[in-house]
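Residue-level structure breakdown
One letter stands for each residue in the lines below.
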Amino acid sequence: MGKKATVITAILSVLFIAFCIYNVFFAGKIKPNDPSTIGNSAGNLHNNGYFCEDDGVVYFSNPYDNGCLYSMNPDGTQMKKLIDASVKYINAAGEHLYFCQENASSNNMLSFLSQNVAGVYRTTKEGRNAYCFSKDLTQIISLSGNYLLYQRFKGGEGMSLFKSDLEGKANEMAVDYEINPACIQNGIVYFNNTPDSQGLYAFHVDNNTVSSVAEGNIWFPIIQGGYIYYMNADDNYRLYRMELSGHSTEKLTDDRVDNFNVGQNYIYYQKNDPSQPAMKRMGLDGLNPEIVMNGNFSNINLTSTFAYFHAFQSRTELYRTPVNGAINVTPFTAAMEAARQEQTK
């Protein structure tokens, strides 16, 4: 009996040592992404990144529950609240979510951050194991391969672009001026303007270098199918597209545009018009424009199933329509009902 107990003790000791070794070398490690991975589409991030789809799940900021982070199926079913904190600029890849947190409440699961109004955080896709990359005021964040990029404002230093590995161990300033990191393809961020000159530029994520791409007053670039779609500030903010190779350009609409997003088949945009404003959509070539809904709207976010948008200057008036096929605008009542159910718990 004593010999058997000794054997069991020895086995348990070996298991304990193995567990300790695992924690030292592997715990907290994040499985690497493919270098071409992006955390959300440029169009969504240009529109505050309130929705993000990854691996058959949509993660979103529920405006009917103070912008708290929820998950759901692409058709809007099986909603689940993940964290009790207001979020935006949601990114997803692998087993994790990355986002900017706003207005943390004292009872939120990230309570150790409750005194901060903004910052960059990571959780699992179940909303667990929160990690803070930065507690400073932060704007757009995006994920490129195995790096997290974010605009960070600190004191009187102004806005700079920071870059971190996904574990937060290598977290430092990449460029000492403001770069919008929303538009990424194959490890290159496409952005407009440097402090010294105007045009379209490329930030190379791997080595922190910047190179010129094309001339023009180009705003909010979005890459889709070999083109960069953008608002041309030199032509009253009308939508254009430019070939990535060759850089030939074409105007897509005569409408002045406030904001837009590009899907697989349609461009959704807000027409700026003093008397007849409207959310509209058209083909990727600018053909067959049609009205989605009359009025002023913002925060156009696209998933594989729906186009979502808010009434202008309202976070609690959210609509959706099928992203492809016939237009059928309805209020996003499922999110409202999910919030009500949470409040009764």
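Residues numbered from 1 in each chain as written. Predicted model: local features only at pLDDT ≥ 70, side-chain atom pairs only at ≥ 80, totals over all residues. Heavy atoms only, no water.

So, the side chain of Asn62
Here Asn62 is to be found in strand S2 (residues 57-62). Among the residues examined, Asn62 registers a relative accessible area of 0% and is labelled buried. When sequence neighbours within four positions are dropped, the list of residues in contact with Asn62 reads Gly67, Cys68, Tyr70, Ala335 and Ala339. (Helix = DSSP H or I, 4+ residues; strand = E, 2+ residues; numbered from the N terminus. Buried < 20%, exposed > 50% of the residue type's maximum accessible area, 1.4 Å probe, protein only. Contact = heavy atoms within 4.5 Å.)

Digging into the environment of Pro35
Within the secondary structure layout, Pro35 lies in the loop between helix H1 (2-25) and helix H2 (42-46). Counting along the chain gives 111 residues from Pro35 to Asn146, while the straight-line C-alpha distance between them is 6.6 Å. Each residue touching Pro35, except ones within four places of it in the same chain, is listed here: Gly145 and Gly187.

Some details on the sheet that holds strand S19 (residues 249-251)
Whether parallel or antiparallel, the strands of a sheet pair through hydrogen bonds between backbone atoms. Taken in spatial order, the 4 strands make up an open sheet running S16-S17-S18-S19, and their pairing is antiparallel. Of all strands in the sheet, those with a lone pairing partner are strand S16 (218-224) and S19, marking the two edges. Neighbour to neighbour, the strand axes of the sheet diverge by 25° on average, direction disregarded. In this structure, strand S17 (residues 227-232) lies alongside strand S18 (residues 238-243), joined through 6 bridges in antiparallel fashion. For Met231, the partnering residue across the bridge sits in S18 and is Leu239. (Pairing = 2+ DSSP bridges. Axes fitted to C-alpha atoms, helices over the stretch in contact; angles between N-to-C directions.)

As for the pattern of salt bridges
Scanning the entire structure with this criterion turns up 14 salt bridges. Here Lys125 and Asp54 are joined by a salt bridge, their closest N and O atoms 2.4 Å apart. On the criterion of sequence distance, the pair formed by Lys125 in the loop between strand S6 (120-124) and strand S7 (131-134) and Asp54 in strand S1 (residues 51-54) is long-range, its members being 71 residues apart. When sorted by exposure, Lys125 lands in the same class as Asp54, which is buried. Arg281 is paired through a salt bridge with Glu290; the nearest N and O atoms lie 2.8 Å apart. Each of Asp235, Arg238, Lys251 and Asp254 takes part in salt bridges that share partners, so that together they form one network. (Salt bridge = Lys/Arg side-chain N within 4 Å of Asp/Glu carboxyl O.)

What about the nonpolar core?
General note: in soluble globular proteins, nonpolar side chains tend to be found buried as a group. In this structure, Tyr190, Tyr229, Leu239, Phe260, Val262 and Ile267 are the most contacted members of the largest nonpolar core, which totals 24 residues. Every element with two or more residues in this core is listed here: strand S14 (200-204), S16, S17, S18, strand S20 (256-262) and strand S21 (266-272). Considering every element that reaches this core, the biggest residue donor is S17, with 4 residues. With residues near it in sequence (within four places) discarded, Ile267 still touches Tyr229, Leu239, Leu252, Phe260, Asn261, Val262, Lys280, Arg281, Met282, Gly283 and Leu284. Counting residues in each nonpolar core, the second largest holds 16 residues, with Leu45, Tyr98, Val120 and Ile140 among its members. (Core = buried A, V, L, I, M, F, W, Y, C linked by side-chain atoms within 4.5 Å.)

Let's talk about the confidence of the model for the protein
Overall, the prediction assigns the protein a mean pLDDT of 89, with 87% of residues at 70 or greater. Low pLDDT (under 50) marks residues 14-27, which in the prediction has 2 contacts with non-local residues, meaning those over four places away or in another chain. Here residues 104-117 is modelled with pLDDT under 50, and outside its nearest four sequence neighbours on either side it reaches 29 contacts, counting other chains as well. (pLDDT = per-residue confidence, 0-100.)

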